[in-house]
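Descriptive structure summary
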Amino acid sequence: MTRNEIQESIAGLLGDLLLKGVVDTASQAHIADTDLVFDLSNRLKGKELRFIAVKSPTLAELSRTISASVVGTITLTPSLPASPTAGDTFHIYEKFRDIDYKYAIDEAVRVARERYLIDASATFSIVATQWEYTTPSGFRYIHDLWFVPTGGTDYEDQDTAFRLPRNSWQVKSNVAGTKVISFDPRIINLDDWDNYLVQVLGQRRPVELTYGTTNSEIPESFIINKSQSLLAMRKIGEGQEWVTRFGYHTQEAMRLERALFTQRRA
């Protein structure tokens, strides 16, 4: 699921998604949509509108407050930097603001990225006279190195690939503070492996959900339950419904958080 899809699920489960609309016609201050059938004038006044899928990049994930509404048309304040295009989609929220969803999802992702790791791989080429190599970007842990003949792609072919003995290399910090993979010349002679590719196997953090179109590498059920817990906590003083929601989603998030934990293979 993308971040937009996750946010839509959260808003729907909280009963906050009044409408997933599609623009028919629009200007920088008004949007017309045949699905806007709310019968009372200004029924949507004060609600939040957030653009989801748009053709104009200046509108991507932009939110505005609805200042007035009649059947089929809403007015946005302040006006938009560009006019929406027919076919653009948007959400209308009633109980929470778009910034509330942003904070909740970001916090859920932050918690998950401390516990959940994804298998990662990368390659670099051996230079016989070089004994230290910068660790691949994004790796949190490294557990295996394999030599592969130059041009080879079958890293698991035991006839051509060779797993380096664990005592022949280590990950250490250099004087600049960055991490390097350092080979031990007492154990391995890199002259024998000049120009060979090394496949690095390890673990990395899942990507952050930076944009609405970013696909989640974290199990979405955790993000959805953790976000609902955080949002319900903001409403606890408004009634028993929110107390119940907070308790349920907090328990679910804690259960899923335990399942998220990934054993480190360093």
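Right above here is the structure, for reference.
Residues numbered from 1 in each chain as written. Predicted model: local features only at pLDDT ≥ 70, side-chain atom pairs only at ≥ 80, totals over all residues. Heavy atoms only, no water.

**Quick word on the sheet that holds strand 4 (residues 48-51)**
Worth spelling out the cut-off: A pair of strands counts as paired when DSSP detects no fewer than two bridges linking them. Only DSSP runs of H or I reaching four residues or more are called helices, and only runs of E reaching two or more are called strands; each is numbered from the N terminus. The contact definition used throughout considers only heavy atoms, calling two residues in contact when any of these lie within 4.5 Å. Between N-to-C directions, angles cover 0 to 180 degrees, with each direction set by a line fitted to C-alpha atoms, over the stretch in contact for helices.
Across the sheet, seven strands lie side by side as 1-7-4-5-6-3-2; this open sheet has antiparallel pairing. The open sheet has two edge strands, strand 1 (17-22) and strand 2 (25-26), and neither has a second partner. Both strand 1 and strand 7 (residues 89-93) contribute to a ladder of five bridges, which runs antiparallel. Directly across from L19, in strand 7, lies its bridge partner I92. In this fold helix 1 (residues 3-13) packs onto strand 1, strand 4 and strand 7, with an angle of close to 140° to the strand it touches most, strand 1.

**Structural notes on a nonpolar patch on the surface**
Under the convention used in this document: Patch construction takes residues with relative accessible area above 30% that form no salt bridge. Like charges are linked within 9 Å, and nonpolar side chains (Val, Leu, Ile, Met, Phe, Trp, Tyr) are linked within 5 Å. A 1.4 Å probe and the Shrake-Rupley method give the accessible areas. Residues count as covered only by the protein chains that appear here. Salt bridge criterion: a side-chain nitrogen from Lys or Arg within 4 Å of a carboxyl oxygen from Asp or Glu.
Together, M233, I236 and V243 line one region of the surface with nonpolar side chains, adding up to about 230 Å² of accessible area. Inspection of the secondary structure assignment puts M233 in helix 3 (residues 220-233).

**Quick look at the environment of G21**
As a reminder, the rule being used: Per-residue accessibility, obtained with a 1.4 Å probe over protein chains only, is compared with the maximum for each type, and a residue is labelled buried under 20%, exposed over 50%, and partly exposed between these values.
Locating G21 in the fold gives a position in strand 1. Under the relative-accessibility criterion, G21 is labelled buried at 0%. In the structure, G21 is positioned eleven residues away from A32 in sequence and 9.7 Å away in space, judged by C-alpha atoms. Discounting chain neighbours no more than four positions away, the residues touching G21 are D33, D88, T89 and F90.

**So, the packing of helix 3 against helix 4 (residues 240-260)**
Where we set the bar: What makes a crossing left-handed is the near helix being turned counterclockwise from the far one by less than a right angle; a clockwise turn instead makes it right-handed. Asp, Glu, Lys and Arg are counted as charged, while Ala, Val, Leu, Ile, Met, Phe, Trp, Tyr, Cys and Pro are counted as nonpolar; the rest, among them Gly, fall into the polar class.
Two elements in contact, helix 3 and helix 4, have axes separated by 8 Å at closest approach and are oriented at 145°. The handedness of the crossing between helix 3 and helix 4 is left-handed. Together, S221, F222, N225, K226, Q228, S229, A232 and M233 of helix 3 and W242, R245, F246, Y248, H249, T250, E252, A253, L256, E257 and L260 of helix 4 make up the contact between the two elements. Tallied by class, the residues present in the contact of helix 3 with helix 4 amount to nine nonpolar, six polar and four charged.

**Thoughts on the nonpolar core**
Defined as follows: Remark: nonpolar core denotes a set of buried residues (Ala, Val, Leu, Ile, Met, Phe, Trp, Tyr, Cys) joined through side-chain atoms within 4.5 Å.
By size, the foremost hydrophobic cluster in this structure holds 25 residues, and its most contacted members are I6, I10, Y101, I105, F222, I223 and L231. Of all the elements in the fold, those that place two or more residues in this core are helix 1, helix 2 (98-115), helix 3 and helix 4. Of the residues forming this core, the biggest block, seven residues, is contributed by helix 2. When residues no more than four places from it in sequence are discounted, the contact partners of I223 are I6, I10, I105, A108, V109, L209, S216 and I218. In this structure, A120, F139, W169 and I181 belong to the second largest nonpolar core, which totals 17 residues.

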